[in-house]
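# Geometric and topological summary
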Number of protein chains: 2
Amino acid sequence: MNRVESSALDPAIAAMLKRNADGLVCAVVQDAETKDVLMVAWMDDEALHRTLTTRKGTYWSRSREDYWVKGETSGHTQYVHDVRLDCDGDTLLVLVDQEGAACHTGDRTCFDADSLF
Amino acid sequence: MNRVESSALDPAIAAMLKRNADGLVCAVVQDAETKDVLMVAWMDDEALHRTLTTRKGTYWSRSREDYWVKGETSGHTQYVHDVRLDCDGDTLLVLVDQEGAACHTGDRTCFDADSLF
């Protein structure tokens, strides 16, 4: 699948986004119930459009250069409750119901490693 | 103040970091008590070193091209409880006690805007 050049994202929302040089905004994914920060990924306009319209967490993979729906292969899906844009428009907070592990390592979150202290 | 080229950051930690093209990692800042996601900022090695050694949330401003200690001018300081690196080494989760507003707009968090739904 190729990067979508012209997305159907609501123009009012698109106008609020401050994308980086690669056309992406940062997405912080938080468990809606436990409030654990699960993972951080990236979205372009189309990934955000798909997330908002399907309620399935959908991101742009910078390494694979493709869209991915969280859980599509692992079954560890994310039902999206809410999406909020930060004050300067370059970061999204995505509140989800996480099925199973959010991290590709099998950990519940991507931040389950030891403290740096 | 100029960007520090050679940081005193613990080499074992430095070796784990996967920096972007600008030498930065993403820092998600979370309230240690309420678990609200407060803000997202960026750190280079030196900002992380200062954060770990002073327990004051310290970041690299991409717009001002300078280090900044959260609350240094506003008084809205962040006492850092913990710092965790994510599974692929490009994002930090910073758990803090936030004094006052975390957002420069005066809001408690940078994500206090309306839902995108």
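Residues numbered from 1 in each chain as written. Chains lettered and ligands numbered in written order. Predicted model: local features only at pLDDT ≥ 70, side-chain atom pairs only at ≥ 80, totals over all residues. Heavy atoms only, no water.

## Some points on the overall build of chain A
Selection rule: Secondary structure elements are defined from DSSP: runs of H or I of at least 4 residues count as helices, runs of E of at least 2 residues count as strands, and each element is numbered from the N terminus. Both definitions apply: the radius of gyration is a C-alpha atom measure, and the globule rule equals 2.2 Å times residues to the power 0.38. Only the protein chains shown count as cover for residues, and all accessible areas are computed by the Shrake-Rupley method using a 1.4 Å probe.
Looking only at helices and strands, one finds two helices and six strands in chain A. Tracing chain A from N to C terminus, the helices and strands come up as α-β-β-α-β-β-β-β. Rg of the C-alpha trace for chain A: 14 Å, near the compact-globule value of 13 Å for 117 residues, within the 12% margin. Counting only C-alpha atoms and orienting by the principal axes, one finds that chain A spans roughly 40 × 30 × 25 Å. Of the roughly 5600 Å² that chain A leaves accessible, carbon and sulfur atoms contribute 46%.

## Details of the interface of chain B and chain A
Note the threshold: Two residues form a contact once any of their heavy atoms are found within 4.5 Å. Here the quantity called buried area is the total loss of accessible area, with a 1.4 Å probe, experienced by two parts when brought into contact, counted for both. Any carboxyl oxygen of Asp or Glu that lies within 4 Å of a side-chain nitrogen of Lys or Arg is treated as forming a salt bridge with it. The term polar contact refers here to a pair of N or O atoms within 3.5 Å; inside protein, the definition further demands a hydrogen-donor-capable atom paired with an acceptor-capable atom, and it admits residues adjacent in sequence only when both atoms are side-chain atoms. Residues are grouped as follows: Ala, Val, Leu, Ile, Met, Phe, Trp, Tyr, Cys and Pro are nonpolar; Asp, Glu, Lys and Arg are charged; every other residue, Gly included, is polar.
Across the boundary between the two partners, chain B contributes 39 residues, which contact 38 residues of chain A. When chain B packs against chain A, the two sides together hide about 3000 Å² of surface, and 68% of this comes from carbon and sulfur. Counting the surface chain B buries against chain A, the share from its top three residues, Phe 111, Leu 116 and Phe 117 of chain B, is 27%. Inspection of the region where chain B meets chain A yields four salt bridges. The partner of Lys 35 of chain B in a salt bridge is Asp 36 of chain A, and the shortest N-O contact between them spans 2.4 Å. The interface formed by chain B and chain A includes 16 residue pairs in polar contact (both at pLDDT 80 or more). Mapped by element, the contributors of at least two residues to the side of chain B that touches chain A are strand S1 (25-31), strand S2 (37-43), helix H2 (45-54), strand S5 (78-85) and strand S6 (91-98) of chain B. With six residues, S5 of chain B is the single largest residue contributor to the side of chain B that touches chain A. Class assignment of the residues belonging to the side of chain B that touches chain A gives a composition of 21 nonpolar, eight polar and ten charged.

## Details of the confidence of the model for chain A
Filter applied, for reference: The quantity known as pLDDT measures the predictor's confidence residue by residue, on a range of 0 to 100.
With 99% of its residues at a pLDDT of 70 or more, chain A has an overall mean of 96. Here the predicted complex scores 0.96 on pTM and 0.95 on ipTM.

## Regarding the UniProt feature "binding site: Mg(2+)" (unreviewed entry) in chain A
To be explicit about the condition: UniProt positions are given in the numbering used here, feature names are shortened, and annotations may be inferred rather than shown by experiment. Throughout this description, buried means an accessible area under 20% of the type-specific maximum (1.4 Å probe, protein chains only), exposed means over 50%, and partly exposed covers the range between.
The UniProt feature table records "binding site: Mg(2+)" (unreviewed entry) at Asp 86, Asp 88 and Asp 90 of chain A. Among the structural elements, Asp 86 of chain A can be located in the loop between strand S5 (78-85) and strand S6 (91-98). With relative accessibility at 7%, the residue Asp 86 of chain A sits in the buried group. Once residues lying within four places of it in the same chain are set aside, the contact partners of Asp 86 of chain A are Thr 91 of chain A together with Cys 110 and Phe 111 of chain B. Using a relative accessible area of 35% as the deciding quantity, one classes Asp 88 of chain A as partly exposed.

## Section: the pattern of salt bridges
Enumeration over the complete set of coordinates arrives at 14 salt bridges over all chains. Across the pair Asp 82 of chain A and Arg 84 of chain A runs a salt bridge, and its minimum N-O distance is 3.1 Å. Between Arg 50 of chain B and Glu 46 of chain B there is a salt bridge, with the nearest N and O atoms lying 2.8 Å from each other. On the criterion of helical spacing, the pair formed by Arg 50 of chain B and Glu 46 of chain B is a turn pair, its members being four residues apart in helix H2.

## Describing the pairing of strand S3 (residues 58-61) of chain A
All names here are of chain A. For clarity, the threshold we go by: Strand pairing is assigned whenever DSSP identifies at least 2 bridges connecting the two strands.
By the alternation rule, side chains of S3 split into Thr 58 and Trp 60 and Tyr 59 and Ser 61, which are all buried. Strand direction decides the pairing type here: S3 and strand S4 (residues 66-69), joined by four bridges, are antiparallel. What sits directly across from Ser 61, in S4, is Asp 66. In this antiparallel pair of consecutive strands, S3 and S4, the connection spans four residues, and Glu 65 shows a positive phi of 50°.

## Concerning the packing of aromatic side chains
Two numbers describe a pair of aromatic rings. These are the distance of the centres and the angle of the planes. Stated formally: Each Phe, Tyr or Trp ring (for Trp, its six-membered ring) is paired with any other whose centre lies within 6.5 Å, and the angle between the two planes then decides the class: stacked below 30 degrees, edge-to-face above 60, tilted in between. In this scheme, the term charge over a ring applies when either NZ of a lysine or CZ of an arginine sits within 6 Å of the ring centre and within 35 degrees of the ring normal.
Overall, the coordinates contain five aromatic pairs over all chains when judged by the stated rule. Ring geometry for Trp 42 of chain A against Trp 42 of chain B: centres 6.5 Å apart, planes inclined by 35°, an arrangement best described as tilted. Residue Trp 42 of chain A is found in strand S2 (residues 37-43), and its partner Trp 42 of chain B is found in strand S2; the two belong to separate chains. A residue is classified by how much of its surface remains accessible, and Trp 42 of chain A, at 12% relative accessible area, is buried. Summarising the aromatic geometry, the rings of Tyr 59 of chain B and Trp 68 of chain B are spaced 5.1 Å apart at their centres and angled 45° between planes, so their arrangement reads as tilted. The buried category is assigned to Tyr 59 of chain B, whose relative accessible area is 0%. Residue placement shows Arg 3 of chain A over the ring face of Trp 60 of chain A; its charged tip is 4.8 Å from the ring centre.

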